[in-house]
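# Structural description and commentary
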Amino acid sequence: MTSTTTQQARPVPPDPGPPRGRTAGDRLRAHSSLLIAAPFYLVVAVMVLLPLGYLLYAALQTGSPGDPSSTFTLDNVKAVVGETAYRRVLWNTLKLGAIVTLLACLFGVTLAWFVARTNLPGKRTLEVLLPLPLFLSPFAGGVAWVFLGSESAGLINVAYRAIVGTEDALVNIFSFGGLVFTMVLFMTPYAYLFTLGPLRNMDASLEEASRVHGASAFRTVARITLPLVLPGLLAALLMAFVLSAEMFSLPGLIGVPADYYTLPYFIYQATNFSPPRWPLAAAGGLLLLVIMAAGVWLQRRATRASERFVTVGGKGPAIAPANVGRWRWVGATLCWLYLTFAIFLPLCALLVGASMRYFTPRLSLELFTLDNWVRILTSSKFVEAITNTLVIAVIGPLFGLVIGFALTYLWQRMRAPFGRTVETLAMLPVAIPGIVLGVGLVWAYVGTPIYGTLAILFIAYVARFLPHVLRIFSSTLVQIDPVLDEASRVSGAGILRTLRRVTLPLLKQSTLSAWLLLFLMMVRELNVAIMVYTSDTTVLPVLLWSEIEGGQYGGAAVVAMVEVTIVTVAFVIARKVLRVDLARTMSER
């Protein structure tokens, strides 16, 4: 007989904090672990707290970074909060983030429910394909949709006019609707992955019991299914909102031509257009950071409340796909339509766009050329950009893994003093928009030997993506029984030998998944790179942005295709050779 109940989740052990009433041995172990932890605590302070401190300092200054005549003022903060123009871009940012988040979560949860809980045809293939848009750069996808949906020369409109015989356009990507549509395409995988695991692992007998007692399918989903996946859904809402509100690339590419400006693009303008207004950008970043922090705080409170209800069964959860009749074909159609709009059409559009001399409403064979490929692939700027990108994307994750594992191990296993506090600080970048972190890093490191080198990109990328590593290691390490470590230590092995022979081999798959996730994210990262790069440290996403700003859409498509190729090769090698299922790892965290 299977018993299923709801009960209070097991509380997280409290931070031991300063020693109180401990023996001399306990104090000695605490001091020893603090000595081991101190270098990692310092790294977190340098990567996270220092830029945040400088961001606040910069918002209260009159001059640019390094200006000796700069003085304190509140004018920047007053301007951002009080002036109508800034309030309008703030409202645009919040409205865009809210709409994209709601639509992406609605669509992502629907796809996850069909895949996890129903007899969807082609389920195994869809499980592999549906997360793939997550690894395509939204900016590259946006460039592709410019090729597809431009009102005058977009491929969809060209085909529509040729078929229907009209001069009107079917779609216009340079509109608020086009901006929302493009962003929803690339935010949907977050909602899909964050809710797929809870849906897959929930006990199907709960839904069966609801239906046996007369509840309709809709009532069962509303009263049983959704409450049980609420923690994953709230995490998806937070992630989608933060990423939507912080993004400046798609609003810059699609929103600006439609006269729709957002706060991240305003920050970019303030620092890159003449005359630069760094203090105003810092004040805008500070405002965006406060909003993101409030969102994270609300999400944490809501998650804590929803986690009071967990399913506990006497045997493993029974996975019984629901027979939804003809609706399974509706679900399959939705999944394949999504893949068509998010992956297949954009890749075809990039390939066509990279091979065209210029955009025109009238297509002909004379338009196709290899000149864009030759110009980009033989340029010294491209060679420098791809070299920098690969160096950062290969080595950067190693730093992230070392720091992430050390912080998790120090807190969970060694109970190092202040371990939980420092781990919480290291998680802060999940709520810090990339462009805001970039502003803080420029103020913190301009004038130092680090600025203008790849080192500041390493710091920026590792700080930005460290929360993902902590999330993976925290959820994996807690599943490994500490008795294994204790047995090794009792048998005379030191910490390093215990890690090498016991703990790390058990974390092999999680480590590979974390490295792959960071590699993919670092290859496509633009939001923080656009603020801290210099002419000597250009990376592929920045080169892609430069081509767009220069009106070279064909060259931009070539760079986007190179970016997609790197990501695809890494993903396939990891899956086929190293047996890393990144999508499953992310859905179970």
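Every value quoted in this text rests on a predicted model; they were computed, and no experiment measured them.

Quick look at the overall build of the chain now. When its secondary structure is counted, the chain shows 26 helices and 2 strands. Rg of the C-alpha trace for the chain: 25 Å, near the compact-globule value of 25 Å for 589 residues, within the 12% margin. Taken over the C-alpha atoms alone, the chain extends approximately 80 × 70 × 50 Å along its principal axes. Taking all 589 residues of the chain together, 51% fall into the buried category. Of the contacts made within the chain by residues no fewer than 6 positions apart, 79% connect residues no fewer than 24 positions apart. Per element, the accessible surface of the chain, about 26600 Å² overall, is 65% carbon and sulfur. Looking at charge distribution, the chain has the averaged site of its 45 positive side-chain charges lying 11 Å from that of its 29 negative ones.

So, on to the nonpolar core. Membership of the largest hydrophobic core comes to 176 residues, with the highest contact counts inside it found for Leu130, Leu407, Tyr461 and Leu520. Looking at which element gives the most residues to this core, the answer is helix 19 (residues 454-477), with 15 residues. Sequence-distant contacts of leucine 130, that is, excluding residues within four places in its chain, are made with Leu111, Val115, Tyr192, Cys335, Tyr338 and Leu339.

In a pair of packed helices, the angle between the axes and the distance between the axes together describe the arrangement. Viewed as axis vectors pointing N to C, helix 16 (residues 380-412) and helix 19 meet at an angle of 45 degrees, and their least axial separation amounts to 7 Å. Put simply, helix 16 runs oblique to helix 19. Considering the relative orientation of helix 16 and helix 19, their crossing is right-handed. Of the residues assigned to the contact of helix 16 with helix 19, the class counts are 19 nonpolar, 7 polar and no charged.

Bringing a nonpolar patch on the surface into the picture now. Nonpolar side chains collect at one region of the surface, where Leu390, Val394, Ile395, Leu398 and Phe399 lie side by side and expose about 400 Å² of accessible area between them. On the secondary structure map, isoleucine 395 appears in helix 16.

If you walk through the whole model with that rule in mind, you get 0 disulfides. Left without a disulfide partner, cysteine 335 is nearest to the cysteine sulfur of cysteine 105, which lies 16 Å away. By relative accessible area, cysteine 335 is classed as buried at 0%. With no disulfide of its own, cysteine 348 lies closest to cysteine 335 among cysteine sulfurs, the gap being 20 Å.

By the secondary structure assignment, histidine 468 is in helix 19. Histidine 468 gets classed as buried once you look at its relative accessible area, which sits at 18%. Here histidine 468 is in contact with Met239, Leu517 and Met521, once residues within four sequence places are set aside.

This part takes up unusual backbone geometry. In the Ramachandran plot, arginine 415 falls in the positive-phi region, its phi being about 50 degrees despite a non-glycine side chain. Overall, arginine 415 belongs to the partly exposed group, its relative accessible area being 31%. Positive phi outside glycine occurs at phenylalanine 418, with the angle close to 65 degrees. Relative to the assigned elements, phenylalanine 418 resides in the loop between helix 16 and helix 17 (419-426). For phenylalanine 418, a relative accessible area of 42% corresponds to the partly exposed category.

The geometry of an aromatic ring pair comes down to the distance between the two centres and the angle between the two planes. The tally for this structure, following the rule as stated, stands at 22 aromatic pairs. Measuring from centroid to centroid gives 6.2 Å for tyrosine 57 and tryptophan 443, while their planes differ by 80 degrees, and the two rings are edge-to-face. Taken as a pair, tyrosine 57 in helix 1 (residues 24-59) and tryptophan 443 in helix 18 (residues 434-445) lie far apart in primary sequence, 386 residues in all. Assessed through its relative accessible area of 36%, tyrosine 57 is described here as partly exposed.

As a further point, take the pattern of salt bridges. Tallying each qualifying case throughout the model produces 5 salt bridges. Salt-bridge contacts for aspartate 371 lead to arginine 357; the nearest nitrogen and oxygen are separated by 3.6 Å. One end of the pair, aspartate 371, is in helix 15 (residues 371-377); the other, arginine 357, is in the loop between helix 14 (327-354) and helix 15, with 14 residues separating them in the sequence. Taking the relative accessible area as the measure of exposure, aspartate 371 reaches 47% and is therefore partly exposed. Its relative accessible area of 46% is what places arginine 357 among the partly exposed residues. For the salt bridge of glutamate 384 with lysine 381, the shortest nitrogen-to-oxygen distance reads 3.9 Å.

The end-to-end C-alpha distance of helix 10 (residues 230-246), which contains 17 residues, comes to 24 Å, matching closely the 24 Å that a straight helix rising 1.5 Å per residue would cover. Buried residues dominate helix 10, accounting for 14 of its 17 residues.

Within the secondary structure, glycine 554 is located in helix 25 (residues 553-576). The class of glycine 554 is buried, set by a relative accessible area of 13%. For the pair glycine 554 and alanine 354, spaced 200 residues apart in the sequence, the C-alpha separation amounts to 4.6 Å.

A word on the side chain of threonine 262. Following the sequence through the fold, threonine 262 ends up in the loop between helix 11 (249-255) and helix 12 (263-272). When residues no more than four places from it in sequence are discounted, the contact partners of threonine 262 are Val89, Thr93, Leu96, Met247 and Pro251.

The N-to-C vectors of helix 5 (residues 138-149) and helix 7 (residues 176-201) enclose an angle of 140 degrees; their axes lie 10 Å apart at closest approach. With respect to each other, helix 5 and helix 7 are oriented oblique. The way helix 5 lies across helix 7 gives a crossing that is right-handed. Residue-level contacts link Pro138, Gly141, Gly142 and Trp145 of helix 5 to Phe181, Thr182, Leu185 and Phe186 of helix 7.

What follows covers the environment of serine 355. Relative to the helices and strands, serine 355 is located in the loop between helix 14 and helix 15. Serine 355 sits 200 residues away from glycine 555 along the chain, and the two C-alpha atoms are 9.1 Å apart. For serine 355, the residues in contact, after removing those within four places along its chain, are Leu367, Phe368, Thr369 and Trp373. Within the structure, serine 355 has its side chain in polar contact with the backbone oxygen of leucine 351 (distance 3.1 Å).

For the chain, the mean per-residue pLDDT works out to 84, and 90% of the residues sit at or above 70. Within the model, pLDDT remains below 50 along residues 1-13, and this stretch shows 29 contacts once partners closer than five positions in the same chain are excluded. For residues 312-316, every residue scores under 50 in pLDDT, and the model assigns this stretch 9 contacts once sequence neighbours within four places are set aside.

The rules behind each value
Residues numbered from 1 in each chain as written. Predicted model: local features only at pLDDT ≥ 70, side-chain atom pairs only at ≥ 80, totals over all residues. Heavy atoms only, no water. Helix = DSSP H or I, 4+ residues; strand = E, 2+ residues; numbered from the N terminus. Rg over C-alpha atoms; globule rule 2.2 N^0.38 Å. Buried < 20%, exposed > 50% of the residue type's maximum accessible area, 1.4 Å probe, protein only. Contact = heavy atoms within 4.5 Å. Areas by Shrake-Rupley, 256 points an atom, 1.4 Å probe, with all protein chains shown as cover. Lys, Arg positive; Asp, Glu negative; His and termini not counted. Charge placed at Lys NZ, Arg CZ, Asp CG, Glu CD. Core = buried A, V, L, I, M, F, W, Y, C linked by side-chain atoms within 4.5 Å. Axes fitted to C-alpha atoms, helices over the stretch in contact; angles between N-to-C directions. Parallel < 35°, antiparallel > 145°, perpendicular 65-115°, else oblique. Left-handed = near helix turned anticlockwise from the far one by under 90°. Nonpolar A, V, L, I, M, F, W, Y, C, P; charged D, E, K, R; others polar. Patch = residues over 30% accessible without salt bridge, like charges linked within 9 Å, V, L, I, M, F, W, Y side chains within 5 Å. Salt bridge = Lys/Arg side-chain N within 4 Å of Asp/Glu carboxyl O. Disulfide = S-S within 2.5 Å. Phe/Tyr/Trp six-rings, centres within 6.5 Å; stacked < 30°, edge-to-face > 60°. Expected span 1.5 Å × (residues − 1). Polar contact = N/O pair within 3.5 Å; in protein donor to acceptor, adjacent residues only side chain to side chain. pLDDT = per-residue confidence, 0-100.

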